[in-house]
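Here's the letter readout for the chains.
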Amino acid sequence: MQTVLDEPNRVTDKEYTDADGSAHSEQESLSALAEEEIAPTDGKLGETAEAYVPIRKRGFRYGCYLFVKRTFDILSSGTMILLIGWLLLVFLFVKWAEDRHNPVYVSKRVGKDGKVFKILKIRTMVPNAEEMKQALIDAGLNEADPPAFKMKNDPRITRVGKFYRKFAIDELLQLFNVFIGNMSVVGPRPPLPREVEEYTADQRHRLDVKGGLLCLWQIQKNRNEVKFEDWVRFDVEYIKNQSLWLDTKIIFKGAYMVLFDHSGE
């Protein structure tokens, strides 16, 4: 496994502290989310039975970082949508022509502080992919550490879907998620609600920041061979060391992986 990118200077203890207990005691119960994944009030996912205190950074420096990061998210995603909007329509039409089903896949994901939102993707699988997934799990074919699910030769992926995944074309609709603020360009990949239900307290730290298109896990060579505990470690390392310099390196390395290194397919 490829080592993590050179780390920037780590923040000091004064730059971030843990939130007090009241910050997370107001969240809804996790069991309620299992029955209805979007809550009628604030849509937040509740805390687990294990003790969990989110990592919180504070201070003027971090506030400036968040402002620049959000500005970049809006400008970059907005510009890309304007430039390739017509191309997105072509990709959607090609996918529709393959099987005559809705080419847009909408999935509920868990974002910062457990808030559930809908993520957009170009569908790359057969229409009954969710039903097949459970059958594959029951057959013991999951090649990733639970709660994640990965298969190198997933039978649910269509021919067009394989091409789209090879060049991350299926992820382009998430530019709209970035533009409206559900996601960021850089951040941990947003998990499924049912995956979060199985998280330990340490794993829930993946929800301490806004999810993103790119993360440290995604720029690892043969990333699908990375164990889930190492995936979480990468995400927590990113959260503790957030900086514009680290975000920039992840963006450029991510572009390289998409264009030239397909070991993570």
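Quantities reported herein were computed from a predicted structural model and do not represent experimental measurements.

About the thresholds
- Residues numbered from 1 in each chain as written.
- Predicted model: local features only at pLDDT ≥ 70, side-chain atom pairs only at ≥ 80, totals over all residues.
- Heavy atoms only, no water.
- Buried < 20%, exposed > 50% of the residue type's maximum accessible area, 1.4 Å probe, protein only.
- Helix = DSSP H or I, 4+ residues; strand = E, 2+ residues; numbered from the N terminus.
- Arc of directions from axis to C-beta.
- Contact = heavy atoms within 4.5 Å.
- Polar contact = N/O pair within 3.5 Å; in protein donor to acceptor, adjacent residues only side chain to side chain.
- Salt bridge = Lys/Arg side-chain N within 4 Å of Asp/Glu carboxyl O.
- Pairing = 2+ DSSP bridges.

A. Region of interest: helix α5 (residues 159–166). Within α5, burial applies to Val160, Gly161 and Tyr164. Along α5, the residues classed as buried sweep out an arc of 100° about the axis, all on the same side. Exposed residues lying more than 90 degrees from the buried face of α5 are Arg159 and Lys162. Looking at the buried side of α5, the elements it contacts are α3 (60–99) and β4 (116–122). Residue Thr158 occupies the N-cap position of α5, its side-chain oxygen lying 3.0 Å from the main-chain nitrogen of Gly161. Positive phi appears at Ala168, one or two residues downstream of α5, with a value of about 55°.

B. Structural detail: the pattern of salt bridges. Under the counting rule described, the total for this entry stands at twelve salt bridges. Of the charged contacts, one joins Glu98 and Lys95 as a salt bridge, the two residues approaching to 2.5 Å between their closest N and O atoms. You can see Glu98 and its partner Lys95 sitting in helix α3, three residues apart, about one turn around the helix. The class of Lys95 is buried, set by a relative accessible area of 0%. Note that Arg156 and Asp154 form a salt bridge whose closest N and O atoms lie 2.7 Å from each other.

C. Examining the pairing of β4 more closely. β4 sits mainly inside the fold: five of its seven residues count as buried. Looking at chain direction, strand β3 (residues 104–110) and β4 are connected through seven bridges and run antiparallel. If you follow Val110 over to β4, its bridge partner there is Val116. Where β3 folds back onto β4 in an antiparallel hairpin, the turn is made up of five residues, including Asp113, whose phi is positive at roughly 60°.

D. Highlighting unusual backbone geometry. Phi is positive for Arg100, close to 60°, though the residue is something other than glycine. Tracing the backbone through its elements, the reader meets Arg100 in the loop between α3 and β3. Backbone geometry places Ala168, a non-glycine residue, at a positive phi of 55°. Looking at where Ala168 falls in the secondary structure, it is placed in the loop between α5 and α6 (174–180).

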